[in-house]
Amino acid sequence: MRVLVTGAGGQLGTALRESAGAPVTGDEWLFTDLAEVAGLTESLNITDRGAVDEFIGRRRPDVVVNCAAFTDVDRAETERGAAYLVNRDAPRFLAGAAVRVGAAMIHVSTDFVFDGNGSRPYTEDDRPAPLNVYGESKLAGERAVMESGVRGAVVRTSWLYSPWGKNFVKAILRAAGANDTIRVVADQSGCPTSALSLAGAIVDMIPELGEMGLFHFCDAGTVSRADFAVEIIRQAGLSCRVVPVGSDEYPSPARRPIYSALDTAKITRTFGIAPRPWQEPLAGCIKTLKDGR
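Residue positions are counted from 1 within each chain, in the order its sequence is given. Reporting of local features is limited, given that this is a predicted model, to residues whose pLDDT is at least 70; pairs of side-chain atoms are given and counted only at 80 or more, and all residues count toward the totals for whole chains, interfaces and linings. Think of the side-chain values as coming from all heavy atoms in the structure, minus any hydrogens and water.

Caption draft 1: Local environment of the overall build of the protein chain. Only DSSP runs of H or I covering at least 4 residues are called helices, and only runs of E covering at least 2 are called strands; the numbering of each starts at the N terminus. A count of helices and strands for the protein chain gives 11 helices and 13 strands. Relative to the 2.2 N^0.38 estimate, which gives 19 Å for 293 residues, the radius of gyration of the protein chain is 19 Å and therefore close to what a compact globule would have. Here the C-alpha coordinates of the protein chain stretch approximately 55 × 40 × 35 Å along the principal axes. Classification of residues uses two cut-offs on accessible area relative to the type maximum, computed with a 1.4 Å probe and protein chains only: under 20% is buried, over 50% is exposed, and between them is partly exposed. A total of 293 residues make up the protein chain; the buried ones form 54% of that total. Throughout, a residue-residue contact means that at least one pair of heavy atoms, one from each residue, lies within 4.5 Å. The contacts in the protein chain between residues at least 6 apart in sequence include a share of 81% that link residues at least 24 apart. When the accessible surface of the protein chain is summed, it comes to about 12,700 Å², and 49% of that surface belongs to carbon and sulfur atoms. Only the C-alpha atoms count toward the radius of gyration. The rule for a globule is 2.2 Å times the residue count to the power 0.38. Note on areas: Shrake-Rupley with a 1.4 Å probe; residue coverage comes only from the protein chains shown.

Right, dumping it as structure tokens:
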């Protein structure tokens, strides 16, 4: 099986490169990003429909995994066109090209399609109501893929982190290493998810893909941002104290859901994928960062 991964330079794409190469699965993996990285990725501009059609038509993958996204939530408020180009149009181009070569597709989306007014983990049947341009553009991308006729899955995830790129875990470790006390938002709750956990779930899904479906995947357990920070600091062996504060202490251009936990029962029923408690993969991430890998 030939698997094409887009956005291979991001957190999830890097996690797939780390965990899902041919020595592991026996499949052929093609990793692409906007700029070529010698020996790691090929160049593919997924916002160029012609380039997408040519590349997929020539390489003829069996599965396309779209990890690429415009993820700067605040910048999306002022760069709406760019957010929609990457988060809606590019997935539509990829899905259309996949249909033409008979490939399946996994498209990754976000918990930010919800408004956060719920009181229990969101299921795939709950009505989306995004609060910001990022969430709106990701929801539009979901719908573009699901309406294209491509086989496969849209997978929503939440609070993604890894040893690579910019994310909450690395930001907290930097702040805690430089300060005795840090102030962290306590009125936003969700499910932290290791990019390696999500990569593992995607690898497990690939051989079982059928008709298009919508699924949620995150590591198990719901926590506030502040309590997440406390656990990050504890596992890292740092002595910094976390002071819980309200979101109003950190005003931002984009509104964020105060509660965005995801229910993963459907992906467990369908693919047998059982998420681990979020504290376990966090320990692996922190160890990797400490080891300097």
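Caption draft 2: Representation of the packing of aromatic side chains. A pair of Phe, Tyr and Trp rings is counted when the ring centres sit within 6.5 Å of each other, with Trp represented by its six-membered ring. The angle between the planes then sorts it: under 30 degrees is stacked, over 60 is edge-to-face, the rest tilted. Scanning the entire structure with this criterion turns up nine aromatic pairs. Geometrically, the ring pair formed by Phe 112 and Tyr 134 is edge-to-face, given 5.9 Å between the ring centres and 70° between the ring planes. One end of the pair, Phe 112, is in the loop between β5 (104–110) and α6 (133–146); the other, Tyr 134, is in helix α6, with 22 residues separating them in the sequence. Judged by relative accessible area, Tyr 134 falls into the buried class, the value being 9%. Taking the centre distance of 5.3 Å and the plane angle of 20° together, the rings of Phe 168 and Phe 228 count as stacked. On the criterion of sequence distance, the pair formed by Phe 168 in helix α7 (residues 168–178) and Phe 228 in helix α9 (residues 225–236) is long-range, its members being 60 residues apart. In this structure an aromatic cluster arises from ring pairing among Trp 159, Tyr 161, Phe 168, Phe 228 and Trp 278. Definition used: whenever NZ (Lys) or CZ (Arg) falls within 6 Å of the ring centre and also within 35 degrees of the ring normal, the charge is taken to sit over that ring. Across from the ring centre of Trp 159, 3.8 Å away, lies the NZ or CZ of Arg 225, which sits over that ring. Just above the ring of Phe 215 sits the side chain of Lys 266; from NZ or CZ to the centre is 4.8 Å.

Caption draft 3: Just the pairing of β5, in detail. In terms of burial, β5 is a largely internal element, seven of the seven residues being buried. Judged by which residues are buried, β5 turns out to be covered on both faces: Ala 104, Ile 106, Val 108 and Thr 110 on one side and Met 105, His 107 and Ser 109 on the other are all buried. Think of it this way: DSSP has to see at least two bridges between two strands before they count as a pair. Where strand β4 (residues 63–66) and β5 come together, four bridges link them in parallel fashion. Looking across to β5, one finds that Val 65 is bridged to Ile 106.

Caption draft 4: Representation of helix α11 (residues 279–291) in the model. Multiply 1.5 Å by the residue count of a helix minus one, and that product is the helix's expected span. The end-to-end C-alpha separation of α11 is 18 Å, in line with the 18 Å expected for 13 residues at 1.5 Å each. Buried within α11 are the following residues: Pro 281, Leu 282, Cys 285, Ile 286 and Thr 288. Buried residues of α11, seen end-on, are gathered within an arc of 160° and therefore sit on one face of the element. For α11, the secondary structure elements touched by its buried residues are β7 (160–161), α7, β10 (193–194), α8 (195–205) and α9. Trailing α11 by a residue or two, Gly 292 shows a phi angle of about 75°, which is positive. Comment: arc refers to directions from the helix axis out to C-beta atoms.

Caption draft 5: How the structure looks around helix α5 (residues 80–101). With 22 residues, α5 extends 31 Å from end C-alpha to end C-alpha; this agrees with the ideal 32 Å at 1.5 Å per step. In α5, a bend of some 30° at Asp 89 exceeds every other bend along the element, and Pro 91, a proline, comes one to four places later. To get the bend at any residue, fit one axis to the seven residues that end at it and another to the seven that begin at it, then take the angle between the two axes.

Caption draft 6: Examining the packing of helix α1 (residues 11–19) against α8 more closely. Between α1 and α8, the shortest axis-to-axis distance is 8 Å and the interhelical angle comes to 65°. Considering only the axes of α1 and α8, their crossing is right-handed. Only Ala 195, Leu 196, Leu 198, Ala 199, Ile 202 and Val 203 of α8 make contact with α1, whose side of the interface consists of Gln 11, Leu 12, Ala 15, Leu 16, Glu 18 and Ser 19. Helix axes are fitted only over the stretch in contact, all axes being lines through C-alpha atoms; the angle between N-to-C directions runs from 0 to 180 degrees. Working rule for handedness: look at the near helix, and if it is turned counterclockwise from the far one by less than a right angle, call the crossing left-handed; if clockwise, right-handed.

Caption draft 7: Region of interest: the nonpolar core. Leu 16, Val 65, Ile 202 and Met 205 are the most contacted members of the largest nonpolar core, which has 31 residues in total. Listing elements by their share of this core, those giving two or more residues are β1 (2–6), α1, β2 (28–33), β4, β5, β6 (151–157), α8 and α10 (265–271). Take this core: its biggest share by element is seven residues, from α8. Filtering out sequence-adjacent residues up to four positions away, Met 205 remains in contact with Ile 106, Ala 153, Val 155, Phe 215, Ile 267, Phe 271 and Ile 273. By convention a nonpolar core is built from buried Ala, Val, Leu, Ile, Met, Phe, Trp, Tyr and Cys residues, the set being connected through side-chain atoms within 4.5 Å.

Caption draft 8: Quick look at the sheet that holds β1. Overall, parallel pairing links the seven strands, which are arranged β3-β2-β1-β4-β5-β6-β11 in an open sheet. The open sheet has two edge strands with one neighbour each: β3 (42–43) and β11 (213–216). Note: β1 against β4, four bridges, orientation parallel. Of the residues in β4, the one forming a bridge with Val 3 is Val 63.

Caption draft 9: Region of interest: the environment of Gly 152. Structurally, the position occupied by Gly 152 is in strand β6. We classify Gly 152 as buried; its relative accessible area is 2%. Considered as a pair, Gly 152 and Asp 89 are 63 residues apart in the sequence and their alpha carbons are 18 Å apart. Gly 152 has contacts with Met 105, Leu 209, Gly 210, Glu 211, Met 212 and Gly 213, leaving out every residue within four places of it along the chain.

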